[in-house]
Amino acid sequence: METPPWLNAPPVEEYPYEETHDLRVGPDLHPGLLALLPYVGVWRGRGQGGYPDIEDFQFAQEIRFSHDGRPFLAYESRTWLLDADSKPIRPAAREVGWWRPVLKDGQATDDVEVLLTEPTGFLELYLGTVSGLKVEMSTDAVVRTATAKEVTGGHRLYGIVEGALLYAYDLAAVGKPLQPHLSARLLRVAG
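Keep in mind it's a predicted model, so treat the numbers as computed, not measured.

A.B. asks: Quick question: what am I supposed to make of the overall build of the protein here?
C.D. replies: What the protein contains, in helices and strands, is zero helices and ten strands. In the protein, the order of α-helices and β-strands from amino to carboxyl end is β-β-β-β-β-β-β-β-β-β. Taking the principal axes of its C-alpha atoms as reference, the protein extends roughly 60 × 45 × 35 Å. Within the protein, buried positions represent 36% of all 191 residues. Surface accessibility of the protein: about 11,400 Å² in total, with carbon and sulfur atoms responsible for 55%. In the protein, the 18 positive side-chain charges and the 27 negative ones have mean positions that sit 5 Å from each other.

Okay, structure coming up:
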């Protein structure tokens, strides 16, 4: 049996390609992302959540939209619960994923595909549209592990209003129909 060429190869250096959330440094933004350009950066703020059978809660959140020159945005969201005095209680939801404009003949359309994954065992595929500073999307598919909470659908509305990133997230889960779950207002802190 022949030895694979990678078996005795020297160690690999650090990942050689830049990714940035700051349009002033790093690779050029792919032209297909121009409609999503206002979202690129790091956003931080607070919001409120609730759902039937769950007590309403306050949270803080940081969202990062970055790119590496290819036609998609990398997305990461981290949240933490806040007490009545705005002090951190504990980590809360996390999401990672990708926002991809739909390209036709190499040109971006108004359509966007968004893939989001949660560490609690489910992932969502959203299809939506970009209209100015607004992005509206609904789930096309939800996939979950056998141990994940039963999530069956979602609708998200994002917008940049007076320089802030606002969003509302409606959720269908645990046998309940689509209804408000989270909303927040985040300010740009980098990018």
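A.B. asks: Whenever I open this one, the environment of Leu 103 confuses me. Can you help?
C.D. replies: Position of Leu 103 relative to the elements: it lies in strand E4 (residues 88-104). On the accessibility criterion, Leu 103 (35% relative accessible area) is partly exposed. Linking Leu 103 and Leu 33, residues 70 residues apart in sequence, is a C-alpha distance of 9.8 Å. When neighbours within four sequence positions are excluded, Leu 103 is seen to be in contact with Gly 32, Pro 71 and Ala 108.

A.B. asks: What is the right way to read the pattern of salt bridges from this model?
C.D. replies: Oppositely charged side chains may form a pair once their charged atoms are brought near each other. Within the structure shown, the criterion is met by ten salt bridges. The partner of Arg 24 in a salt bridge is Asp 22, with the nearest N and O atoms 3.2 Å apart. Between Arg 78 and Glu 62 there is a salt bridge, and its shortest N-O distance comes to 2.8 Å. Of this pair, Arg 78 sits in strand E3 (residues 73-82) while Glu 62 sits in strand E2 (residues 54-66), and the two are 16 residues apart along the sequence. Residue class for Arg 78 comes out partly exposed when judged on its relative accessible area of 36%. Residues joined by salt bridges that share partners form a network here, namely Arg 44, Glu 62 and Arg 78.

A.B. asks: Help me understand the packing of aromatic side chains, please; the structure alone is not making it clear to me.
C.D. replies: A ring pair, where both rings are aromatic, is described by two values, the distance of the centres and the angle of the planes. One pass over the structure, following the stated rule, counts nine aromatic pairs. Measuring from ring centre to ring centre gives 5.5 Å for Tyr 15 and Tyr 17, while their planes differ by 70°; the resulting arrangement is edge-to-face. Each member of the pair, Tyr 15 as well as Tyr 17, is classed as exposed. Ring pairing ties together the aromatic residues Tyr 39, Phe 65, Tyr 75, Trp 99, Tyr 158 and Tyr 167, which thus form one cluster. One cation-aromatic arrangement involves Arg 156 over Tyr 169; the distance from NZ or CZ to the ring centre is 4.0 Å.

A.B. asks: Where do I start with the sheet that holds E2 in this structure?
C.D. replies: Across a sheet, strands are paired by hydrogen bonds formed along the backbone, either parallel or antiparallel in direction. What the ten strands build is a closed barrel, ordered E1-E2-E3-E4-E5-E6-E7-E8-E9-E10; its pairing is antiparallel. Neighbour-to-neighbour, the strand axes of the sheet open up by a mean angle of 25°, direction not taken into account. Relative to E4, E3 runs antiparallel, the two sharing nine bridges. Bridge pairing in E4 links Leu 82 to Pro 88.

A.B. asks: I tried to follow a nonpolar patch on the surface on my own but got confused; where do I start?
C.D. replies: A contiguous nonpolar patch, built from Leu 23, Leu 34 and Leu 37 and spanning about 250 Å² of accessible area, is present on the exposed surface. Structurally, Leu 37 can be placed in the segment before strand E1 (41-51).

A.B. asks: Where do I start with the nonpolar core in this structure?
C.D. replies: Taken as a class, soluble globular proteins show a tendency for nonpolar side chains to be buried jointly. In terms of nonpolar packing, the biggest core is built from 33 residues, with Leu 36, Phe 65, Trp 99, Val 135 and Tyr 158 touching the most fellow members. Top contributing element to this core by residue count: strand E9 (residues 164-173), with five residues. Not counting chain neighbours up to four residues away, the residues in contact with Tyr 158 comprise Tyr 39, Tyr 75, Trp 99, Leu 133, Lys 134, Val 135, Met 137, Leu 165, Leu 166 and Tyr 167.

Calculation notes
All residue numbers refer to position in the chain's written sequence, counted from 1. Restriction of local features to residues with pLDDT of at least 70 applies here, the model being predicted, together with a cutoff of 80 or more for giving and counting side-chain atom pairs; totals for whole chains, interfaces and linings are based on all residues. By convention in this description, side-chain values take in all heavy atoms of the structure and omit both hydrogens and water. Secondary structure elements are defined from DSSP: runs of H or I of at least 4 residues count as helices, runs of E of at least 2 residues count as strands, and each element is numbered from the N terminus. Under the scheme applied here, a residue whose accessible area is under 20% of the maximum for its type counts as buried, over 50% as exposed, and between as partly exposed, the area being computed with a 1.4 Å probe on protein chains only. Using a 1.4 Å probe, accessible areas were evaluated by the Shrake-Rupley method; residue-level cover was limited to the displayed protein chains. Counted as positive: Lys and Arg. Counted as negative: Asp and Glu. His and the chain ends are not counted at all. The atom standing in for a charge is NZ when the residue is Lys, CZ when it is Arg, CG when it is Asp and CD when it is Glu. Contacts are assigned to residue pairs that have any heavy atoms within 4.5 Å of one another. What makes a salt bridge here is a side-chain nitrogen of Lys or Arg within 4 Å of a carboxyl oxygen of Asp or Glu, nothing more. We call Phe, Tyr and Trp rings a pair once their centres come within 6.5 Å, taking the six-membered ring for Trp, and we label the pair stacked below 30 degrees between planes, edge-to-face above 60, and tilted otherwise. Consider the ring centre and the ring normal. A charge sits over the ring if Lys NZ or Arg CZ is within 6 Å of that centre and within 35 degrees of that normal. The pairing criterion for strands is at least two bridges between them, as found by DSSP. Geometry is summarised by axes, namely lines fitted to C-alpha atoms with helices restricted to the contacting stretch, and by angles between N-to-C directions that run from 0 to 180 degrees. Surface patches are defined over residues having more than 30% relative accessible area and no salt bridge, joining like charges when they lie within 9 Å and nonpolar side chains (Val, Leu, Ile, Met, Phe, Trp, Tyr) when within 5 Å. Buried Ala, Val, Leu, Ile, Met, Phe, Trp, Tyr and Cys residues form a nonpolar core when they are joined through side-chain atoms within 4.5 Å.

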